Amino acid sequence: MPFARPVDPARAPPPHAWRAPLGVFLLSLLVNGLLTYWLARGLVATDRNAFETDALRTMDAITERISTTVTLLRGTAGLFIATGDVSREEFRAYIGRLRLRELYPGIQGIGYTARVDAPNVAGHEAVMQQVWGPWFRLWPTAEEVPRELLTSISYLEPLDERNYAAIGYDMASEPTRRAAMLQARDDGLARASGPVTLVQEIHADKQTGFLIYLPLYATREPPLSVEERRRGLRGFVYSPLRVDDLLTGTRGSGVRQVEYEVYDGPAADPARLMRSTLGSDRHEPRFSLERVIDVEGRRWLLRFTSSRQFDALSQQRLLPVLVGIALATSLLLGAITWVQTRGRIAAQQAAAERRAWAAAERRRSERLQSLAQATPRLNAARAQEAVVLSLEAEARHLFDTPQARLHFDDAAAPAGGLAATLVCDDALPLGTITLAPREPGPLNGHSSGNGHGPRPYDDDDRLLLRQFAGIAGIALRNARLYGELRDNDRRKDEFLATLAHELRNPLAPIRTSLEIIRSAPGTPYAAKARDVAERQTVH
């Protein structure tokens with residue numbers, strides 16, 4: 001029967017083999033999470049940079065169009081300064097060469113409004129009637145709208161239906177326009193008005209508008225003091241601007257264009273909204289930006305927001321995919337680590353089993369060698385009592401048990417112990433050897449048990465005990481045979497002694513009779529001695 005191949009409990013797989021794969025998974029998840037986080041931040045930064053670039057580009061386009069308008073006004077003012085009096089034909093020819101409708105969309109026109117002294121209203125109207133016809137008049141009159149400054153639009157080109165409706169209008173009669181005109185007069189610079197409805201809005205599609213005024217003085221150089229500017233004011237070159245037309249196209253034509261709102265003033269006051277590109281299909285924008293710009297003395301708030309198309313094209317839509325890839329990568333690394341850990345544990349377990357098997361083989365070989373060495377000692381004992389003592393001593397040593405007993409009857413094994421029947425070639429039981437339970441601790445240097453209870457007997461012990469019982473049976477039978485042989489020798493000696501004694505008893509009288517016959521032949525004593533000898537030989 002082959003020996004069993006034990007597994008050393010000390011070499012068993014660790015109970016927490018999942019810790020390494022879990023640690024790798026969590027570490028990989030942390031690293032991938034950080035990478036995904038920084039990548040997400042990078043994508044957000046990229047999108048924000050793209051948004052801010054488009055927003056600033058739009059803002060630059062807005063300020064450039066206003067600056068272009070002011071440049072055109074300066075050129076027109078230069079015409080008046082260089083020429084002095086400018087006729088309607090000269091003004092129309094000059095503005096016509098600018099090609100406002102083709103090159104400068106949103107500029108409704110460029111005009112000239114003259115300052116009119118209150119006593120000279122009739123004279124001014126008479127002069128303008130020679131230019132425009134008898135219908136020309138300054139409106140509204142000072143009686144209709146009292147004011148400190150009177151002006152009248154004298155020229156306005158290109159002269160279309162809208163601009164024709166503004167001829168003769170006194171813009172100083174309206175407070176918003178008047179405030180910008182007075183500021184431009186006092187500062188000697190171009191100044192913009194607040195949002196107004198232009199008098200050119202004669203159709204249903206009205207837009208919010210504003211005007212930019214550049215003062216003209218009676219002298220070629222602007223006066224140095226405010227008082228001199230007020231006294232020397234000649235009039236204004238100005239430009240009426242429709243906000244929607246002026247700012248159309250400033251945000252580009254791409255799908256990533258931004259949305260924006262323009263407010264007159266530094267705050268987002270809905271009542272001061274001048275333009276909005278937001279449609280009715282509103283959404284929650286991902287990015288927003290506010291900038292305050294100076295528009296010729298006025299402050300405009302530009303509020304930019306990302307459009308739905310911009311947000312839809314954002315690379316952040318890839319974040320769920322990246323998160324999924326990061327999670328899958330972490331799971332894959334954890335699974336690989338788990339497989340490697342299982343493989344390593346299996347290899348360690350196999351190595352431990354090989355070591356345990358080798359140790360068990362060594363232990364088994366040592367015990368078999370001890371059994372072989374015990375065989376001559378058991379057979380050397382001549383008396384049965386000596387065999388029993390030697391057998392029990394060898395069993396205690398061989399099986400590391402505190403007690404081994406040989407019973408000449410059929411005894412059962414004690415609880416936790418072991419028992420085997422002693423037999424010989426004739427298969428008749430000679431007795432039973434029993435082993436008491438082992439004490440906790442190592443067995444001949446080999447760890448067994450958990451150290452908290454008796455070390456159990458294993459299959460190797462059972463097989464070895466059967467072999468030991470066989471050798472012990474032979475030794476016991478030999479001891480019994482030797483005892484029988486010794487008894488037979490004793491009986492033979494006793495028989496021979498008795499036989500010798502019996503043989504010595506009849507010869508003594510014969511020897512005595514021969515001595516008497518030799519010493520006294522022919523005498524009555526000799527005849528008597530002869531009778532005794534004959535009588536002994538007859539027996």
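Residues numbered from 1 in each chain as written. Predicted model: local features only at pLDDT ≥ 70, side-chain atom pairs only at ≥ 80, totals over all residues. Heavy atoms only, no water.

1. A word on the overall build of the protein chain
No. 1: Tallying secondary structure elements over the protein chain gives 13 helices and 12 strands in all.
No. 2: Structurally, the protein chain occupies a C-alpha span of about 230 × 40 × 35 Å along its principal axes.
No. 3: Here the protein chain holds 539 residues, and the buried ones make up 39% of them.
No. 4: Across the protein chain, every contact between residues at least 6 apart in sequence was considered, and the portion connecting residues at least 24 apart equals 66%.
No. 5: Total accessible area computed for the protein chain in this model is approximately 29600 Å², and 56% of it derives from carbon and sulfur atoms. (Helix = DSSP H or I, 4+ residues; strand = E, 2+ residues; numbered from the N terminus. Buried < 20%, exposed > 50% of the residue type's maximum accessible area, 1.4 Å probe, protein only. Contact = heavy atoms within 4.5 Å. Areas by Shrake-Rupley, 256 points an atom, 1.4 Å probe, with all protein chains shown as cover.)

2. Section: the environment of L430
No. 1: With respect to the helices and strands, the residue L430 is situated in the loop between strand 11 (418-422) and strand 12 (431-435).
No. 2: The exposure class of L430 is buried, given its relative accessible area of 11%.
No. 3: Residues L430 and A469, 39 residues apart in the sequence, show an inter-C-alpha distance of 9.8 Å.
No. 4: With residues near it in sequence (within four places) discarded, L430 still touches F408, L422, C424, G473, L476, R477 and R480.

3. A few points about the pairing of strand 2 (residues 151-157)
No. 1: Burial runs high along strand 2: 7 of the 7 residues are buried.
No. 2: Pairing analysis gives 6 bridges linking strand 1 (residues 110-115) to strand 2, with the strands arranged antiparallel. When the sheet's bridge partners are listed, A114 is paired in strand 2 with S152. (Pairing = 2+ DSSP bridges.)

4. What to know about the side chain of T432
No. 1: The topology assignment puts T432 in strand 12.
No. 2: Given the relative accessible area of 3%, T432 is considered buried.
No. 3: Excluding its chain neighbours within four sequence positions, the residues that come into contact with T432 are R405, L406, H407, D409, D410, A411, A419, A420, T421 and L422.

5. Comments concerning the packing of helix 1 (residues 19-83) against helix 10 (residues 319-380)
Between two packed helices, what matters for the description is the angle formed by their axes and the separation of those axes.
No. 1: Two elements in contact, helix 1 and helix 10, have axes whose closest approach is 8 Å; the angle formed by their N-to-C orientations is 160 degrees. Taken together, the axis directions place helix 1 and helix 10 in an arrangement best described as roughly antiparallel. As for how helix 1 packs across helix 10, the hand of that crossing is right-handed.
No. 2: Partitioned by chemical class, the residues of the contact of helix 1 with helix 10 number 16 nonpolar, 8 polar and no charged. (Axes fitted to C-alpha atoms, helices over the stretch in contact; angles between N-to-C directions. Parallel < 35°, antiparallel > 145°, perpendicular 65-115°, else oblique. Left-handed = near helix turned anticlockwise from the far one by under 90°. Nonpolar A, V, L, I, M, F, W, Y, C, P; charged D, E, K, R; others polar.)

6. Observations regarding the nonpolar core
No. 1: If you look at the biggest cluster of nonpolar residues, it comprises 67 residues, and the most contacted ones within it are I110, F210, I212, Y213 and F304.
No. 2: Top element by residues in this core is helix 1. It accounts for 11 residues.
No. 3: Leaving out residues up to four positions away in the same chain, F304 has contacts with F51, A55, T58, M59, V258, E259, Y260, F287, S288 and L289.
No. 4: Counting 26 residues, the second-largest nonpolar core is a separate cluster that includes A395, L418, L422 and F468. (Core = buried A, V, L, I, M, F, W, Y, C linked by side-chain atoms within 4.5 Å.)

7. Considerations on the confidence of the model for the protein chain
No. 1: On average, residues of the protein chain carry a pLDDT of 84, and 91% of them reach 70 or more.
No. 2: Per-residue pLDDT stays below 50 along residues 1-7; that stretch engages in 18 contacts with residues further than four places along the chain or on separate chains.
No. 3: Across residues 443-451, confidence stays below pLDDT 50; counting only partners more than four residues off in sequence or on other chains, it has 13 contacts. (pLDDT = per-residue confidence, 0-100.)

8. So, the packing of aromatic side chains
No. 1: Here the structure, examined in full by the defined rule, presents 16 aromatic pairs.
No. 2: Both rings, one in Y112 and one in Y155, keep their centres 6.1 Å apart while their planes meet at 35 degrees; by these two values the pair is tilted. Of this pair, Y112 sits in strand 1 while Y155 is found in strand 2, placing the two residues 43 residues apart along the sequence.
No. 3: Taking the relative accessible area as the measure of exposure, Y112 reaches 8% and is therefore buried.
No. 4: Taken together, the ring pairs connect F80, F91, Y112 and Y155 into an aromatic cluster. (Phe/Tyr/Trp six-rings, centres within 6.5 Å; stacked < 30°, edge-to-face > 60°.)

9. Some words on the layout of surface pockets
No. 1: Size it by volume and the second largest pocket reaches roughly 290 Å³.
No. 2: Surrounding the second largest pocket, 16 residues form its lining, E259, L278, D281, R282 and H283 being those nearest its centre.
No. 3: Those elements giving two or more residues to the lining of the second largest pocket turn out to be strand 6 (259-264), strand 9 (298-305) and helix 9 (308-312).
No. 4: Of the residues in the lining of the second largest pocket, the class split is 2 nonpolar, 8 polar and 6 charged. (1 Å grid on protein atoms, 1.4 Å probe; cavity = no way out; pocket = protein on both sides within 12 Å on 5 of 7 lines; lining within 4 Å. Points joined across faces, edges and corners; volume = space filled by probe spheres on them.)

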